[in-house]
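Geometric and topological summary
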Amino acid sequence: MIVIISDESSGKLGVALKEAAGRAGAQVVHFAANTLHIKPCAACGSCSGKTYGRCVIRDDMQQVLPKIAGCRALVLVSAVVFGGVSHHIKKVMDRMAAVGDPRYQVSGGELVKGMSGQGMSYYMVGTGDKLGETERSAFLFLHEENRNIMNTRGKAFLLHSSPDQAVIDNIAQEIAHE
Amino acid sequence: MNKPEIMLLCASSRRKGTSAMLLERIRLVTGGEVIFLPQKGSLNEVILAMQQAAAIVISGPCYINTYPARLIELLEAASLSGGFSGQKLYGIINGGMPYVHTHRHGLACLRLFAEQNHLSWQGGFVLGGGAMLDGKPLEKHMNRKKIVPAFDLFIRHIAEGSPSPDSLYEQAQIPPGHIMTRVFAKLLTFMVVRRIKKHGHDPDAPNWYLRKKE
């Protein structure tokens, strides 16, 4: 299963990717993060202790977390905001610790963590028109660091705000057949 | 009415955590007031304070390799509001991992915010191993011999309103070597597993959300 979580407040790319991935033969679940009620992570530590593997905050993330826990690929879609993702998407990211593995491993000579279970591929799709090189590099850097600390594979894509259908189809194919 | 010289904004919800401790250390030198970013509700008062300050220092934790969502939300709202005119902006980000690269995206984010909104980016400080401090003084940091003088020099830049170079925090942080990394991995994992088992859970069990269906 592929989980696509997008901020649709600046475009409907999440829906378009979902449809394209479906045509490519994948089972897909899509959430529009900007329509969900998601509270900030409280850094309470419960998900790595008292309620191991479960977030105690009762909000719409309780619908999202089971899907992330069981997916083989997670795709985050957002306008590029100051070289990163929008706050709607970042709220989802911040709450993902519950489905991460809190234990430490060593990879490439550094401490890393990982995701629970068999892990997943991790993709980010950023959109924006006239993005400068610094902003593009920052977005790709964020994805690389996320991938590194999650000890997973995946790729980041940077697109115009209204990408061609062919571009969307290519990305969907790549994710569906990874 | 005089505008406040410096605004010290804590992006963490923890009043006694590392992010707040670092701002308090700055406040003792520069004066000003430590403001805590409200975790819900309107951000208008914070944005107004940012517009009225001559210099802004933002200190926050690193969540998933950059600042938390609520601070991103503030930056988005502040950007829409506009009204900035050359305020000096400094940033501090602290995270558990002992590597600068793990946390430095937060400063890149602040720099881009400054550039796109007529603020003047003056530099920042990345503190690895900060979560282990858990609000204790910087003198308790495992790299204190280099970190303390480097951070105090960063404070001096803020007090003088001068740019602070990345090299200040880069040279102050020494990642653990190959052997120590393996030791840390085993030790930290032991502590995590002990805590998980103490609460009656099996660290090797499938995630709770997958078992919930069973």
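Residues numbered from 1 in each chain as written. Chains lettered and ligands numbered in written order. Predicted model: local features only at pLDDT ≥ 70, side-chain atom pairs only at ≥ 80, totals over all residues. Heavy atoms only, no water.

1. Things to note about the sheet that holds strand E3 (residues 55-61) of chain B
Residue and element names in this part refer to chain B. Strands sit in the order E2-E1-E3-E4-E5 across an open sheet of 5 strands; the sheet is parallel. Looking at strand neighbours, the two that pair on one side only are strand E2 (33-36) and strand E5 (120-128), the edges of this open sheet. Strand-to-strand, the axes of this sheet are offset by a mean angle of 20°, without reference to chain direction. On the sheet, helix H1 (residues 18-30) packs against strand E1 (6-10), E2, E3, strand E4 (88-95) and E5 and is oriented at approximately 165° with respect to E1. (Pairing = 2+ DSSP bridges. Helix = DSSP H or I, 4+ residues; strand = E, 2+ residues; numbered from the N terminus. Axes fitted to C-alpha atoms, helices over the stretch in contact; angles between N-to-C directions. Contact = heavy atoms within 4.5 Å.)

2. A look at the confidence of the model for chain B
Confidence in the prediction for chain B averages 93 pLDDT; 96% of positions are at 70 or higher. Overall fold confidence for the complex sits at a pTM of 0.95, while the interface term, ipTM, reaches 0.95. (pLDDT = per-residue confidence, 0-100.)

3. Some thoughts on unusual backbone geometry
Residues and elements named next belong to chain A. In this model, Ala43 sits at a positive phi of 55°, which is unusual for a non-glycine residue. In this fold, Ala43 is placed in the loop between strand E2 (28-32) and helix H2 (61-69). The phi dihedral of Phe82 is positive, around 50°, even though this residue is not glycine. With respect to the element layout, Phe82 can be found in the loop between strand E3 (73-79) and helix H3 (87-94). Note on Phe82: relative accessible area 4%, which makes it buried. (Buried < 20%, exposed > 50% of the residue type's maximum accessible area, 1.4 Å probe, protein only.)

4. Focus: the environment of Leu65 of chain A
Looking at where Leu65 of chain A falls in the secondary structure, it is placed in helix H2. When its relative accessible area of 0% is taken as the criterion, Leu65 of chain A is described as buried. Spatially, the C-alpha atom of Leu65 of chain A lies 31 Å from that of Ala166 of chain A, the residues being 101 residues apart in sequence. With residues up to four places along the chain from it excluded, the contact list for Leu65 of chain A reads Cys55, Arg95, Met96, Ala98 and Val99 of chain A together with Tyr209 of chain B.

5. A closer look at the environment of Ala20 of chain A
All names here are of chain A. Structurally, Ala20 can be placed in helix H1 (residues 13-23). Ala20 sits in the buried class, given a relative accessible area of 5%. Here the alpha-carbon distance between Ala20 and Ala166, two residues 146 residues apart in the chain, equals 9.7 Å. In this structure, Ala20 is in contact with Gln165, Ile168, Asp169 and Ala172, ignoring residues within four places of it in sequence.

6. Some words on the interface of chain A and chain B
With 49 residues of chain A in contact, the opposing surface of chain B contributes 46 residues. Overall, the association of chain A and chain B removes approximately 4300 Å² of surface from exposure, summing both partners, and the carbon and sulfur fraction of that is 65%. Connecting chain A to chain B are 1 salt bridge. A salt bridge links Asp204 of chain B to Arg103 of chain A, with the shortest nitrogen-to-oxygen separation between them at 2.7 Å. Our count for the chain A to chain B interface comes out at 22 residue pairs in polar contact (both at pLDDT 80 or more). Secondary structure elements with two or more residues in the side of chain A that touches chain B: H2, H3, strand E4 (100-107), strand E5 (110-115) and helix H4 (133-150) of chain A. Considering each element in turn, the side of chain A that touches chain B owes the most residues, 9 residues, to H4 of chain A. Each residue belonging to the side of chain A that touches chain B can be placed in one class, and the counts come to 24 nonpolar, 15 polar and 10 charged. (Buried area = accessible area lost by both parts, 1.4 Å probe. Salt bridge = Lys/Arg side-chain N within 4 Å of Asp/Glu carboxyl O. Polar contact = N/O pair within 3.5 Å; in protein donor to acceptor, adjacent residues only side chain to side chain. Nonpolar A, V, L, I, M, F, W, Y, C, P; charged D, E, K, R; others polar.)

7. Looking at helix H9 (residues 178-198) of chain B
For H9 of chain B, built from 21 residues, the straight-helix expectation of 30 Å at 1.5 Å per residue is met to within 8% by its first-to-last C-alpha distance of 30 Å. Within H9 of chain B, the full set of buried residues consists of Thr181, Phe184, Ala185, Thr189, Val192, Val193 and Ile196 of chain B. Take H9 of chain B and look down its axis: the buried residues cluster within an arc of 155°, on one side only. Turned more than 90 degrees from where H9 of chain B packs its buried face, Ile179, Lys186, Arg194, Lys197 and Lys198 of chain B sit exposed. Those residues of H9 of chain B hidden inside the fold are in contact with E4 and E5 of chain A. (Expected span 1.5 Å × (residues − 1). Arc of directions from axis to C-beta.)

8. Here we look at the packing of aromatic side chains
The way to describe two aromatic rings as a pair is by their centre distance and the angle between their planes. Residues and elements named next belong to chain B. Applying the stated criterion across every chain yields a total of 9 aromatic pairs over all chains. Aromatic pair Tyr90 and Phe154: ring centres 6.1 Å apart, planes at 80°, arrangement edge-to-face. Of this pair, Tyr90 sits in strand E4 while Phe154 sits in helix H7 (residues 144-160), and the two are 64 residues apart along the sequence. For the ring pair Phe151 and Phe154, a centre distance of 5.6 Å and an interplane angle of 50° mean the geometry is tilted. On the criterion of helical spacing, the pair formed by Phe151 and Phe154 is a turn pair, its members being 3 residues apart in helix H7. Assigned by exposure class, Phe151 and Phe154 land together as buried. (Phe/Tyr/Trp six-rings, centres within 6.5 Å; stacked < 30°, edge-to-face > 60°.)

9. A closer look at the sheet that holds strand E1 (residues 2-6) of chain A
Residues and elements named next belong to chain A. Taking strand neighbours across the sheet as the criterion, the 5 strands line up as E2-E1-E3-E6-E7 in an open arrangement whose pairing is parallel. Here the strands that pair on one side only, and so sit at the sheet edges, are E2 and strand E7 (156-159). The mean inter-strand angle of the sheet, taken between neighbouring strand axes irrespective of direction, is 15°.

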